[in-house]
Structures are given as structure tokens and as C-alpha cells.
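# Commentary on secondary and tertiary structure
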Amino acid sequence: MRAIWKGAVSFGLVSIGVKLYSATEEKDIRFHQVHRDDGGRIRYKRTCSVCGEEVSYDDIAKGYDLGGGELVILTDADFADLPLTSSRAIDVLEFVPAEQVDPILYNKAYFLEPEGTATKPYVLLRDALADSERVAIVKVALRQREQLATLRVRDGVLLLNTMLWPDEVRTPDFGFLDEDLKVRPPELAMAASLIDSMAGEFQPDAFTDDYRAALQEVIDAKVEGREVVQPAEEEAAPAAAVDLMAALKASVERARVARGEAPSGGAGEPTPISSARSAQRAAKTPAAKAGPAKKTPARKTPTKKAEPTKKTAAKKTTEKKATKAPAKKSAEKKTAPRKSA
């Protein structure tokens, strides 16, 4: 790793020299924009919208938009006069319980490494911070911006987490928050049961980025000149259930089965999962195929209505009598076709 910043942690009258390293890295697969026909890289020029000339980095300044097409232009000299007195210091302001810091405030994470002879005071601050079960609230200037941050211990190393300022966190404004929605106690109890059935210990290594893995497989296949193997399709999510309790019960049952537990229902009893699946199949099946009770009249209906001629009706009557008549009548019926022949 390469240090991106050097400074000191100011802890009372103690100053601890440290180096700052990025603690995280994004694993996204990055692409260049290229010409589809010949693979040439697409380059962008920095051109002025007024004169149309290409502009070098040395001639680029920062402009603050006032609206209405008006700008305030700031140069490097303007930024140099800003009061960043802690530009090379991490000032410890106070120590607070970790649970009082809302995770939504956390932004970027950095490792701190002691520099030179600062190892002993570094270890002292690390151990004292770990024993106190608190985090240090600090201020630090990174990339010409003062930031609020926390110091905590992770894997024996001091970890700096930069934070958003409170006015950078948006307030949720959604219509459903004003609606008077009431949840029934049985529904709440069933939801709590579902949470309990899916409870576990968080193991980050158990989760993978399936999309990135599939994309890498496509790239590798392109390089090796072989066909891409399509991954197996996942089971489609069930349609939204009308009965919330039935969906909750089915979810609890599914969670139990996934954990290797026996279903709550008996061997001959339909479980909530089977009941929910049967209801979904019944909803998707046309009315004519809904059940055996509807198939019986469907067979009789064409028999009663199909009477185009009297001969057909007479033939059917003869067949019915033949099945109920004794052996003598059956013999007469067999003789009739011979005479006609």
C-alpha cells in the first residue's frame, strides 16, 4: 500500500506521527470507451465553451455558479488563504460511545501507521481506546477540505473513518409516513418469528459479488476464445401475496427448511409453503383447469348439446340399451349387422 497522507494525531499534549492509507478498494471491473470498429480509445479534450480553444490544466480555475449564467471564479490563491490550521494534524476532540455514532455518517476508511519513533505512543492510544470501548471524534483536513472523523481500533490498527457533516444527511420525506397504517399484533408476532428463524452471525466472506464474477467469466471467455457458459437461472420471486399472514407463515417455513429443521406441519398436513404454492398455482391456472369438479360437467355438456340429427340420438340410445341388456339382446344386435351385410 502507498501512503496518501502524512501527519500527526494530536492526543492532549502527545503528538503521534502517522501515515494514512486507504483501508478499502473498489473491485469494480473498469472499461475504456473505445471505437467499436477498430478498438481505438475515445479521448476527450478540455475545450472552452466560449472561445472553443483547448485548455491546459494550468489555465483551469474553479467557478461557483450563482445562477442566471453568472459565475464567481476562484483561483489557487483564494484556496490558500482558507483557515485550514489542522492541515497536517488529526485533532482529537472527545471520546464517545461507539453506538452513539449513526452509521449513515460514515464515509471513507483509512488505516493509520505509526511513523518513526511514534510506535509506543501509538500503541498506548490504541490500547487505551480499545479498553474504553469508545471512539475518538477528530477533525482532519484531507484534500483541502476539513472533515469530521472517528478513530477506532480494528485488527490492532487505528482506523480513521471520515464522516459526513450532519447537514449532508437528507431527511426522508415520503407520503406513507403520514398515513395511519396499523399493524395487527399477530402479523407483528409472525414477522418477529421470521426474523428469529433467519437470525445468524454475520460472516462477510460468505457473500460474493455474483455479477462481477459473471462479468469476469465473460471477459475470460473472450480472451480464451471460448463460449460463455450461461449461469443457471435463479428461481423467480413469487408474486405478491394478498394474504400477508400466509406469506409470513410460508417465509418462516421456508427459513426453517433452509436451516435443516423439520417443517412445523405433520406428514399428511399441508404446510404453509405447500398451501401458498397451491394458492399461487390455482391463481395462475385457467378456470377450465382449476379442479376435477369442473372437468365432469365439461365432459357432459358437449354430449347433451351435440344432437345434430335423430340418427345420432338413436344410435346413442341403442348403445346404452346394449350395455344393460342380457346376452340374448346382445346376440340380436350382433345378428343385425350380418343381415345388412
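Before reading on, note that the structure itself is shown above.
Here is a short report on the structure shown in this document. Being a predicted model, the structure only gives us computed values, none of them experimental. All residue numbers here refer to positions counted from 1 along the written sequence of the relevant chain. For this predicted model, a pLDDT threshold of at least 70 governs which residues receive local features, and a threshold of 80 or more governs which side-chain atom pairs are given and counted, while totals over whole chains, interfaces and linings are taken from all residues. Calculated side-chain values reflect all of the structure's heavy atoms, with hydrogen atoms and water omitted.

### Some words on the overall build of the chain
Definition in use: A run of H or I in DSSP counts as a helix once it spans at least four residues, and a run of E counts as a strand once it spans at least two, with each numbered from the N terminus. Each residue gets one of three labels from its accessible area relative to the maximum for its type: buried under 20%, exposed over 50%, partly exposed in between, using a 1.4 Å probe on protein chains only. We call two residues in contact when some of their heavy atoms are within 4.5 Å. Residue exposure ignores everything except the shown protein chains as possible cover, and the areas themselves are Shrake-Rupley values with a 1.4 Å probe.
Broken down by element type, the chain carries nine helices and nine strands. The proportion of buried residues among the 341 residues of the chain is 17%. Pairs at least 24 apart in sequence give 56% of the contacts found in the chain among residues at least 6 apart. A total accessible area of about 27600 Å² is found for the chain, and carbon and sulfur atoms account for 54% of it.

### Points about unusual backbone geometry
With a phi close to 55°, E133 is a non-glycine residue in the positive phi region. Since its relative accessible area comes to 67%, E133 is described here as exposed. Positive phi values are uncommon outside glycine, yet D155 reaches one of about 55°. As for its placement among the helices and strands, D155 is situated in the loop between strand 8 (146–154) and strand 9 (157–163). What makes D155 exposed here is its relative accessible area of 66%.

### What about the nonpolar core?
Across soluble globular proteins, you tend to see nonpolar side chains buried next to one another. Inclusion rule: Definition used in this section: a nonpolar core is a set of buried Ala, Val, Leu, Ile, Met, Phe, Trp, Tyr and Cys residues joined via side-chain atoms within 4.5 Å.
One finds V9, V18, I90, L112, V138, L151 and L160 to be the most contacted residues of the largest nonpolar core, which totals 21 residues. At the level of secondary structure, the elements contributing two or more residues to this core comprise strand 1 (5–11), strand 2 (14–22), strand 5 (89–97), strand 6 (106–114), helix 2 (119–132), strand 7 (134–141), strand 8 and strand 9. The contact partners of V9, leaving out residues within four places of it in the chain, are V14, S15, I16, V18, I90, V92, L112, L125 and L151. Of all hydrophobic cores here, the second largest spans seven residues; its members include V96, L105, V135 and L148.

### Notes on helix 3 (residues 185–197)
This is how the line gets drawn: Expected span of a helix: the number of residues minus one, times 1.5 Å. This arc is taken over the directions from the axis of the helix to the C-beta atoms.
Under the 1.5 Å per step criterion, the end-to-end length of helix 3 is 18 Å for 13 residues, consistent within 8% with the ideal 18 Å. Among the residues making up helix 3, those that are buried are E187, M190, L194 and S197. Buried positions in helix 3, seen along its axis, are confined to an arc of 85° and lie on one side of it. Facing away from the buried side of helix 3 by over 90 degrees, the exposed positions are P185, L188, I195 and D196.

### Some thoughts on the pairing of strand 9
The condition that has to hold: DSSP calls a pair of strands paired once it identifies at least 2 bridges connecting them.
In terms of burial, strand 9 is largely enclosed, as six of its seven residues are buried. As defined by bridge partners, strand 6 adjoins strand 9 across five bridges and the pair is classed as antiparallel. Pairing of Y106 across the sheet is with M163, part of strand 9. By the bridge criterion, seven bridges tie strand 8 to strand 9 in an arrangement that is antiparallel. Opposite T150, over in strand 9, you have N161 as the bridge partner. Here strand 8 hands over to strand 9 after two residues, with D155 in that stretch at a positive phi of 55°.

### Details of the pairing of strand 6
In terms of strand pairing, strand 2 meets strand 6 through five bridges, oriented antiparallel. Its bridge partner being in strand 6, K19 is matched across the sheet by E113.

### Examining helix 4 (residues 210–224)
Test applied: Any pair of nitrogen or oxygen atoms within 3.5 Å is treated as a polar contact; in protein, a donor-acceptor pairing is required on top of that, and neighbouring residues in sequence qualify only through side-chain atoms on both sides.
Taking 1.5 Å as the rise per residue, helix 4 with 15 residues should run 21 Å; its terminal C-alpha atoms sit 21 Å apart, in good agreement. In this structure D209 caps helix 4, since a side-chain oxygen of it lies 3.3 Å from the backbone nitrogen of Y211.

### Some remarks on the side chain of T162
Within the element layout of this structure, T162 appears in strand 9. Beyond its immediate chain neighbours, meaning those up to four positions away, T162 contacts L105, Y106, N107, K108, Y110, L142, Q147, L148 and A149.

### Thoughts on the packing of aromatic side chains
Threshold: Working definition: rings of Phe, Tyr and Trp (its six-membered ring) pair if their centres are within 6.5 Å, and the pair is stacked with planes under 30 degrees apart, edge-to-face with planes over 60 apart, and tilted otherwise. The criterion is that NZ of a Lys, or CZ of an Arg, lies within 6 Å of the ring centre and within 35 degrees of the ring normal, and then a charge sits over that ring.
Applying the stated criterion across every chain yields a total of three aromatic pairs. Ring geometry for F11 against F95: centres 6.0 Å apart, planes inclined by 85°, an arrangement best described as edge-to-face. Remark: F95 occurs in strand 5 and F11 occurs in strand 1; sequence separation between them is 84 residues. Judged by relative accessible area, which is 34%, F95 ranks as partly exposed. Above the plane of the ring of Y57 lies R46, whose end atom (NZ or CZ) is 4.0 Å from the centre.

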